[in-house]
Structure formats: structure tokens, C-alpha cells
Amino acid sequence: MLVGKPLLGEKEIQAKVKELAEAISRDFAGEELVAIGILKGAFMFYSDLIRHIDVPVTVDFIIASSYLKTESTGEVRIHADIREDISGKNVLLVEDIVDTGITLNHIRERILQRAPARLAVTALLDKRERRIVDVPIEYKGFEIPDRYVVGYGLDFDGKFRNLPYISIFKRSE
Ligand code: 5GP
């Protein structure tokens, strides 16, 4: 198993995360926010992002999976749900990467059923070419090519999540 050269380096990621947090802070100025991280992949993006958000934030998480190794199963499983009452509140969904859009769409619909006042989505990475379900992403980090990436929270088989940068994953023969 090999991890190639960084596709996105640490500095570039951190600058983008700060930019996203500033846009979110501007749009929600004078209000409060429940930030819901989609685990496990979004944990690093989430913790860096909320450090730069300067409106009051309540944290919560949802644990979901739809991937086996490097392929989407198309079936979204929720392993642990949010605990906050979000009805009438502003909600920010924080996702690592949007690929087919199936996971985010499923979670977004689930959140909408709980009647938040306003729902916005931020995703660090977007593989647009792969989209099957069109799902709005209000705060987008980077568009990337259709390659399997690891690092900065993203894994292959549970590993590489701790890398501070993002790389294209290559399987060695
Ligand atoms: P979707 O439902 O949009 O097809 O997939 C979203 C989920 O698949 C992401 O939250 C992430 O967990 C996983 N995923 C999609 N593409 C990649 C990738 O390139 N690398 C990794 N590590 N996970 C991915």
C-alpha cells in the first residue's frame, strides 16, 4: 500500500478551512449554530473548522458508513445518531468528502425531518464527476478528480486518517 505525493498540503488545507469558517461566521453572524460532524472521516476537518468559527457553536456528531475499502456500497448505515434537539435551530452539517452524494443526501434528509430553522452543509472535498444524487453544498473546500484519497481524516481500511495532508491512494501490487 502506498500513499503518493500530497494532493493537498497541510498549509493549503488549513488556509481553506479558515476561509470556510470565516464565510460561515459571516453568514451566521449574531446567531447560534449546531455543528454536526459526520464521522469518522470529518473529525479532523470538523475540529479545525469550528476553532475558527466565531459564533456560538454547540457540537454534535453522527456516525455513518457507506464505504467498504475503496467502493461505495450505496447503502448508508447510521451507527450513532445526534443527541441535540435541533428543531428550530441553525444546523451546519460537516462532511469530509462528497462522492456519489448518497451519504450526504441521506443524512441531510434525516436532519431536515427534525425541522431545523436553517440547514447548511460544508464539505472539504468534492468529487463532482462521481455525483449520482444532486445535493447542495453551501460551503465547499476543494473540487478533486475521481481518485481515491486518504489523509486528514480519510482512511483506507481504517488507516491514514492521521496524516495532516491529503494524498491519492495507490495500491501496490
Ligand atoms: P458518497 O455517499 O458521497 O458516495 O460517499 C461519501 C463517503 O464515502 C465519504 O463520507 C467518505 O467516507 C467516503 N469516500 C468517498 N470518496 C472517498 C475517498 O476518495 N477516500 C476516502 N477515504 N473515502 C471516500
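Keep in mind the model is a prediction, meaning the values are calculated, not measured.

Conventions used here
Every chain's residues receive numbers from 1 upward, in the order its sequence appears when written. The model is predicted, so local features are restricted to residues of pLDDT at least 70 and side-chain atom pairs to those at 80 or more, both for listing and for counting; the totals for chains, interfaces and linings are taken over all residues. Side-chain metrics rest on all non-hydrogen atoms present in the structure, leaving aside hydrogens and water. Paired rings are identified among Phe, Tyr and Trp, the last through its six-membered ring, by centres lying within 6.5 Å, and are further divided according to the angle between planes into stacked (under 30 degrees), edge-to-face (over 60) and tilted (the rest). Helix and strand assignments come from DSSP, with helices taken as H or I runs of at least 4 residues and strands as E runs of at least 2, each series counted from the N terminus. We call a residue buried when its accessible area falls under 20% of the maximum for its residue type, exposed when it is over 50%, and partly exposed in between, using a 1.4 Å probe and counting protein chains only. Lysine and arginine charges are scored as sitting over a ring when NZ or CZ, respectively, is within 6 Å of the ring centre and within 35 degrees of the ring normal. Here a residue is near a molecule or strand as soon as one of its heavy atoms is found within 4 Å of it. Contacts described as polar in this section are N or O atom pairs within 3.5 Å, which, within protein, must combine one atom able to donate a hydrogen with one able to accept it, while residues neighboring in sequence count only if both atoms come from side chains. Per-residue and other accessible areas were derived by the Shrake-Rupley procedure at a 1.4 Å probe size, with only the shown protein chains allowed to occlude residues. Three categories are distinguished: nonpolar for Ala, Val, Leu, Ile, Met, Phe, Trp, Tyr, Cys and Pro, charged for Asp, Glu, Lys and Arg, and polar for the others, with Gly belonging to the last.

This structure, assessed with the given rule, holds four aromatic pairs. Judged by centre distance (4.8 Å) and plane angle (50°), the rings of Tyr 46 and Phe 61 are tilted. Remark: Phe 61 occurs in strand β3 (residues 57-68) and Tyr 46 occurs in helix α2 (residues 43-51); sequence separation between them is 15 residues. Residue classification places Phe 61 among the partly exposed residues on the basis of a relative accessible area of 30%. Between the aromatic rings of Tyr 148 and Phe 169, the centroid separation amounts to 6.3 Å while the plane-to-plane angle is 75°, which identifies the pairing as edge-to-face. Here Tyr 148 is found in the loop between β7 (139-143) and β8 (149-150), whereas its partner Phe 169 is found in strand β9 (residues 166-170), with 21 residues between them in sequence. Of the two residues, Tyr 148 and Phe 169, neither departs from the other in class, the shared state being buried. Here the aromatic residues Tyr 148, Phe 156, Phe 160 and Phe 169 are joined through ring pairs into a cluster of three or more. Sitting over the face of the ring of Phe 28, Arg 118 holds its NZ or CZ atom 4.0 Å from the ring centroid.

Turning our eyes to something else, we now look at the site of the ligand. Neighbouring the ligand are 18 residues, the closest being Thr 100, Gly 101, Thr 103, Val 149 and Asp 155. Within the backbone of Gly 101, an N or O atom sits 2.8 Å from an oxygen atom of the ligand. Within the contact set of the ligand, an oxygen atom lies 2.5 Å away from a side-chain nitrogen or oxygen of Thr 103. In the complex, the protein chains occlude 92% of the 510 Å² of accessible area that the ligand would expose alone. Those elements that place two or more of their residues in the shell around the ligand are β3, β5 (90-98) and α3 (102-112). Here the shell around the ligand takes four residues from β5, the largest share from any one element. Residues belonging to the shell around the ligand are distributed by class as follows: seven nonpolar, five polar and six charged.

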